[in-house]
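Structural characterization, general
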Amino acid sequence: MSQFFQIHPDNPQARLIKQAADIILEGGLAVIPTDCAYALACRVGDKSATERVIRMRQLGAKHNFTLLCRDLSELSTFAKVDNTEYRLLKAHTPGAFTFILPATRDVPRLLMHPKKRTIGIRVPDNAIAMALLQEIGEPLMTSSLIMPGDELPLSDPYDIRATLEHQLDLVVDGGFCGFEATTVVDMTGEVPESARQGVGDASAFAG
């Protein structure tokens with residue numbers, strides 16, 4: 001049975017943020033709001049929680065997980081970027097973009113694309129997500145809350161609790177935060193390419 005926290009979307013209650021962070025740090029699997037939609041979240045190196053996500057969403061081996069980061073200073077630990085790419089990322093974070101980048105050895109193998117050895121990185125523009133990341137002190141592994149057979153992620157916290165309460169440890173109700181995905185930008189080639197159009201304006205990366 002999952003816990004259910006109602007957290008203010010603009011002024012997150014520190015006590016509830018601390019409790020939510022503790023659940024995740026102790027190995028919990030949570031649903032948290034982001035600037036695009038609700039997402040599944042757990043610790044980066046938590047194999048058990050990650051495997052729960054894989055089973056829940058019936059994900060294949062080639063699925064690219066995303067690391068939710070506080071800022072780009074955490075980037076170099078998990079992804080390889082040159083100065084030009086870094087400036088481009090800095091100009092579009094925080095925001096509704098997920099950047100596919102070459103992964104470093106610090107990224108658990110379970111989270112990487114097995115052949116391309118890539119990882120998704122994003123910095124969310126959401127007060128609750130940022131407060132959680134600040135409290136936890138490290139990135140979170142996240143995955144869209146799109147269930148098998150669905151095209152859009154679950155967007156109502158009460159529906160999420162009713163549907164998944166026995167598969168989750170925590171649902172954070174941060175109000176409505178949309179149901180569209182981030183725009184995915186592949187930064188692994190010679191030039192950035194839009195791999196999925198979502199909320200973010202991909203035209204900034206054209207040409």
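Reference entry: report on the structure contained in this document.

Analysis parameters
Residues numbered from 1 in each chain as written. Predicted model: local features only at pLDDT ≥ 70, side-chain atom pairs only at ≥ 80, totals over all residues. Heavy atoms only, no water. Helix = DSSP H or I, 4+ residues; strand = E, 2+ residues; numbered from the N terminus. Buried < 20%, exposed > 50% of the residue type's maximum accessible area, 1.4 Å probe, protein only. Contact = heavy atoms within 4.5 Å. Areas by Shrake-Rupley, 256 points an atom, 1.4 Å probe, with all protein chains shown as cover. Lys, Arg positive; Asp, Glu negative; His and termini not counted. Charge placed at Lys NZ, Arg CZ, Asp CG, Glu CD. Pairing = 2+ DSSP bridges. 1 Å grid on protein atoms, 1.4 Å probe; cavity = no way out; pocket = protein on both sides within 12 Å on 5 of 7 lines; lining within 4 Å. Points joined across faces, edges and corners; volume = space filled by probe spheres on them. Nonpolar A, V, L, I, M, F, W, Y, C, P; charged D, E, K, R; others polar. Phe/Tyr/Trp six-rings, centres within 6.5 Å; stacked < 30°, edge-to-face > 60°. Lys NZ or Arg CZ within 6 Å of the ring centre and 35° of its normal. Axes fitted to C-alpha atoms, helices over the stretch in contact; angles between N-to-C directions. Arc of directions from axis to C-beta. Patch = residues over 30% accessible without salt bridge, like charges linked within 9 Å, V, L, I, M, F, W, Y side chains within 5 Å. Salt bridge = Lys/Arg side-chain N within 4 Å of Asp/Glu carboxyl O. Parallel < 35°, antiparallel > 145°, perpendicular 65-115°, else oblique. Left-handed = near helix turned anticlockwise from the far one by under 90°.

Considering the overall build of the protein chain
A count of helices and strands for the protein chain gives six helices and 10 strands. Counting over 207 residues, the protein chain shows a buried share of 50%. Nonlocal contacts in the protein chain, meaning residues at least 24 apart in sequence, comprise 68% of its contacts between residues at least 6 apart. For the protein chain, the exposed surface amounts to about 10100 Å²; the carbon and sulfur share of it is 47%. On the protein chain, the mean spot of the 20 positive side-chain charges and the mean spot of the 26 negative ones are 8 Å from each other.

Topic: the pairing of strand β6 (residues 118–122)
Judged by how many residues are buried, β6 sits mostly within the fold: five of five residues are covered. As defined by bridge partners, strand β4 (residues 66–68) adjoins β6 across three bridges and the pair is classed as parallel. Looking across to β6, one finds that T66 is bridged to G120. Alignment of strand β5 (residues 97–102) against β6, held across four bridges, turns out to be antiparallel. By the bridge assignment for β6, P102 is matched with T118.

A closer look at the layout of surface pockets
Considering only enclosed or pocket space, the largest pocket measures out at about 540 Å³ in volume. Around the largest pocket sit 32 residues that line it, and N64, T66, S144, V184 and R196 are the ones nearest its centre. When grouped by side-chain class, the residues that make up the lining of the largest pocket number 13 nonpolar, 12 polar and seven charged.

Focus on the packing of aromatic side chains
According to the stated counting rule, one finds three aromatic pairs in the structure shown. For the ring pair F4 and Y158, a centre distance of 5.2 Å and an interplane angle of 45° mean the geometry is tilted. Of this pair, F4 sits in strand β1 (residues 3–6) while Y158 sits in helix α6 (residues 157–164), placing them 154 residues apart in sequence. Judged by centre distance (6.0 Å) and plane angle (25°), the rings of F97 and F99 are stacked. The exposure class assigned to F97 is buried, which follows from its relative accessible area of 8%. Overall, the relative accessible area of 1% leaves F99 in the buried class. We note R161 situated over the ring of F4; from NZ or CZ to the ring centre the distance is 4.1 Å.

Re the sheet that holds β5
What the 10 strands build is an open sheet, ordered β1-β8-β2-β3-β7-β4-β6-β5-β9-β10; its pairing is mixed. On the outer flanks of this sheet lie β1 and β10 (193–196), each paired with one strand and no other. The average undirected angle you get between the axes of adjacent strands in this sheet is 35°. Bridge count between β5 and strand β9 (residues 183–186): four bridges; the pairing is parallel. Counted as the bridge partner of F99 is V185 from β9.

A few points about helix α2 (residues 47–57)
By the burial criterion, the buried members of α2 are A49, T50, V53, M56 and R57. Here the buried residues of α2 occupy an arc of 125° about the axis, which is enough to place them on one side. Looking at α2, the residues exposed on the side facing more than 90 degrees away from the buried face are K47 and R55. Summarising the contacts, the buried residues of α2 are in contact with β3 (38–43), β7 (140–144) and α6.

Details of a positive patch on the surface
On the surface, a cluster of positive charge is made up of K80, R105, R109 and R117. Mapping R117 onto the fold places it in the loop between β5 and β6.

Some words on the packing of helix α1 (residues 14–25) against helix α5 (residues 127–136)
At their nearest, the axes of α1 and α5 sit 9 Å apart, and the two run at 60° to each other. Taken together, α1 and α5 sit at an angle that is classed as oblique. Here α1 runs over α5; the crossing is right-handed. Residues I17, K18, A20, A21, I24 and L25 of α1 form the contact with α5, whose own contacting residues are I128, A131, L132, E135 and I136. Class assignment for the residues of the contact of α1 with α5 results in nine nonpolar, no polar and two charged.

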